Amino acid sequence: MSAREATAPGRVANGLDEAARLYWREDASEATLRRDGRRWTAWTAWIVTVFCVPGVLLLAIEPLTFPVAAICFAHAWAIPRIQARRGARQVVPIGSERSATRRADAAGDPERVALGLLGDLVGHAQRDLLAATGLALERGRLGVWLIGEQGAILIRPGGRRVDCWCVRVAEQQQAPQQRRGSATPREELPAGDRVAHLLLALREDELGFAKVANLGFSGARWRVRQQLPAVSRPAVDAARAAAGR
Amino acid sequence: MGRLIRLDRTGHTTLAKWRTGDGSGEERAAAAFRAELERGMVASVSYDDGTAEVVRKLPLDAELVVLRRPIAGG
């Protein structure tokens, strides 16, 4: 009897417990992702319109108002860019500026142990990409995922649209006796373990993972790619290639 | 040989090892497993096809059972 068969009676029938607890949230599906993507596109188009139309009108009425018109155009350019940047920053590739590996108390051995386990989880094919870019590539039903320490990027089928999700390891629940002693330090996980947590949760229940995570951005792939650290951009290219198949 | 590990600040900690048919070893592993679940950990078994499954009972025929913390939206 296989482990899967043996554990069937004890498995969580509806996927992630974390998702089941969010009863007020709509279940994620391909349809909800498409709808959210369209809303993001409409929002971006609205922002560009709201700032570009006054700029054009000002120039038409009085060309000398061009400094004010330029401010309008700058807003139309900057706001979508800031939104894409926010989405890209949420992911936090291993080794990047906000990575746990850069913490002052980050220790070498736990990081190596965690990365070793993560390497075993992702398998040989993705290990090199993980080492080079700090992002773990995982194929799913919704598309191809790139998983970082505090979030994930979903490259949708076809590779043109990406969704940026903010999701992280929850704070550890402390036992009552620990809670009374306020000096108990918060347990910080190595960077590799943070990614491993998210990777396992994604593999356990992809739709539940998308339900728990917060969608921070949805838009064109190139907009997110240019906001990632240069070393992590090849992961987007690899995911796009995988999503386009 | 089965192995129960917990992802923690050390990278991971091996909590128990057991062999199928080793009654006392299996009991110790099951006890450690239950204690971690009571602490709020989530147990996961990975399969060769790249999928994983949440388990609430220690699968004694699994090679590796990983205990992780829950995830949350950021």
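See above for the structure.
A brief look at the structure comes next. Remember, it's a predicted structure, so these values are computed and weren't measured experimentally.

**Some details on the nonpolar core**
Move 1: One finds Leu-146, Ile-147 and Ala-152 of chain A to be the most contacted residues of the largest nonpolar core, which totals 73 residues.
Move 2: Examining the composition of this core, we find that eight residues originate from one element, helix H8 (residues 191–204) of chain A, more than from any other.

**Some points on helix H4 (residues 66–89) of chain A**
Residue and element names in this part refer to chain A.
Move 1: The end-to-end C-alpha distance of H4 is 33 Å, a good match for the 34 Å that 24 residues give at a rise of 1.5 Å each.
Move 2: Along H4, the positions that sit buried rather than exposed are Ala-69, Cys-72, Ala-76, Pro-80, Gln-83, Ala-84, Gly-87, Ala-88 and Arg-89.
Move 3: Residues of H4 that are buried in the fold lie against helix H3 (30–61), strand E4 (161–169), strand E5 (214–220) and helix H10 (221–225).

**Focus on the interface of chain B and chain A**
Move 1: Contacts between chain B and chain A engage 32 residues on the former and 42 residues on the latter.
Move 2: Looking at the side of chain B that touches chain A, the elements with two or more residues in it are strand E1 (2–8), strand E2 (11–18), strand E3 (42–46), strand E4 (52–55), strand E5 (64–68) and strand E6 (71–73) of chain B.
Move 3: Considering only residue class, the side of chain B that touches chain A consists of 13 nonpolar, ten polar and nine charged.
Move 4: As paired strands, E4 of chain A and E6 of chain B are joined by three bridges and run antiparallel to one another. Paired with Val-167 of chain A across the two strands is Gly-73 of chain B, which belongs to E6 of chain B.

**What to know about the pairing of E4 of chain A**
All names here are of chain A.
Move 1: Across the nine residues of E4, nine count as buried, placing the element largely inside the fold.
Move 2: When strand E3 (residues 151–155) meets E4, the two strands line up antiparallel, connected through five bridges. By the bridge assignment for E4, Ile-153 is matched with Cys-164.
Move 3: Where E4 and E5 come together, six bridges link them in antiparallel fashion. Bridge assignment links Val-162 to a residue of E5, and that residue is Gly-219.

**Describing unusual backbone geometry**
Residues and elements named next belong to chain A.
Move 1: A positive phi is found at Val-92, a non-glycine position, where the angle reads about 55 degrees.
Move 2: Mapped onto the fold, Val-92 is located in the loop between H4 and helix H5 (108–122).
Move 3: For Val-92, a count of 26 C-beta atoms within 10 Å puts it in the buried group.

**Some details on the environment of Val-169 of chain A**
Move 1: Summarising the element assignment, Val-169 of chain A is placed in strand E4.
Move 2: A tally of 23 C-beta atoms within 10 Å means that Val-169 of chain A is categorised as buried.

**A look at the sheet that holds E3 of chain B**
Move 1: Here we have five strands laid out as an open sheet, ordered E2-E1-E5-E3-E4 (chain B), and mixed in their pairing. Looking at which strands have only one partner, the edges of the open sheet turn out to be E2 and E4 of chain B. Ignoring strand direction, the axes of neighbouring strands in this sheet form an average angle of 30 degrees.
Move 2: Where E1 of chain B and E5 of chain B come together, four bridges link them in parallel fashion. Within E5 of chain B, the residue paired with Arg-3 of chain B across the bridge is Leu-64 of chain B.
Move 3: Here H8 of chain A sits on the sheet in contact with E1, E2, E3, E4 and E5 of chain B, set at roughly 90 degrees to E4 of chain B.
Move 4: Its contacts with the sheet place helix H1 (residues 23–38) of chain B against E1, E2, E3 and E5 of chain B, and it is angled at close to 140 degrees to E2 of chain B.

**With respect to the environment of Trp-222 of chain A**
Move 1: Counting through the fold element by element, Trp-222 of chain A comes out in helix H10.
Move 2: Look at Trp-222 of chain A and you get partly exposed, because 13 C-beta atoms sit within 10 Å.

**Structural notes on the packing of helix H6 (residues 124–133) of chain A against helix H11 (residues 233–244) of chain A**
Residue and element names in this part refer to chain A.
Move 1: Following both chains from N to C, one finds H6 and H11 inclined at 150 degrees, their axes separated by 8 Å at the closest point. Looking at the two axes, H6 sits roughly antiparallel to H11. Note on element contacts: H11 touches H6 through Pro-234, Ala-235 and Ala-238, opposite Leu-129, Ala-132 and Thr-133.
Move 2: Partitioned by chemical class, the residues of the contact of H6 with H11 number five nonpolar, one polar and no charged.

Rules behind the numbers
Per chain, residue numbering runs from 1 following the sequence as it is written. Here the convention is simple: chains get letters from A, ligands get numbers from 1, in the order in which they are written. At least 70 in pLDDT is required for a residue's local features to be given in this predicted model, at least 80 for side-chain atom pairs to be given and counted, and no such filter applies to totals for whole chains, interfaces and linings, which use all residues. In this description, a nonpolar core means buried residues of the types Ala, Val, Leu, Ile, Met, Phe, Trp, Tyr and Cys, linked to one another by C-beta atoms lying within 7 Å. Here exposure depends only on C-beta density: within 10 Å of a residue's C-beta, 20 or more other C-beta atoms make it buried, 12 or fewer make it exposed, and intermediate numbers make it partly exposed, the C-beta atoms being placed from the backbone. Helix and strand definitions here come from DSSP, where helices need a minimum of 4 consecutive H or I residues and strands a minimum of 2 consecutive E residues; each element is numbered from the N-terminal end. Each residue after the first adds 1.5 Å to the expected span of a helix. Throughout, a residue-residue contact means that the two C-beta atoms, derived from backbone geometry, are no farther apart than 7 Å. When residues are sorted by character, Ala, Val, Leu, Ile, Met, Phe, Trp, Tyr, Cys and Pro go into the nonpolar class, Asp, Glu, Lys and Arg into the charged class, and all the rest, Gly among them, into the polar class. Two strands are counted as paired when DSSP detects at least two bridges linking them. Every angle, taken between N-to-C directions, lies between 0 and 180 degrees, and every axis is a line fitted to C-alpha atoms, over only the stretch in contact when it is a helix. The cut-offs work like this: below 35 degrees is roughly parallel, past 145 is roughly antiparallel, 65 to 115 is roughly perpendicular, and the gaps in between are oblique.

Distances and angles like these do not, on their own, reveal function.
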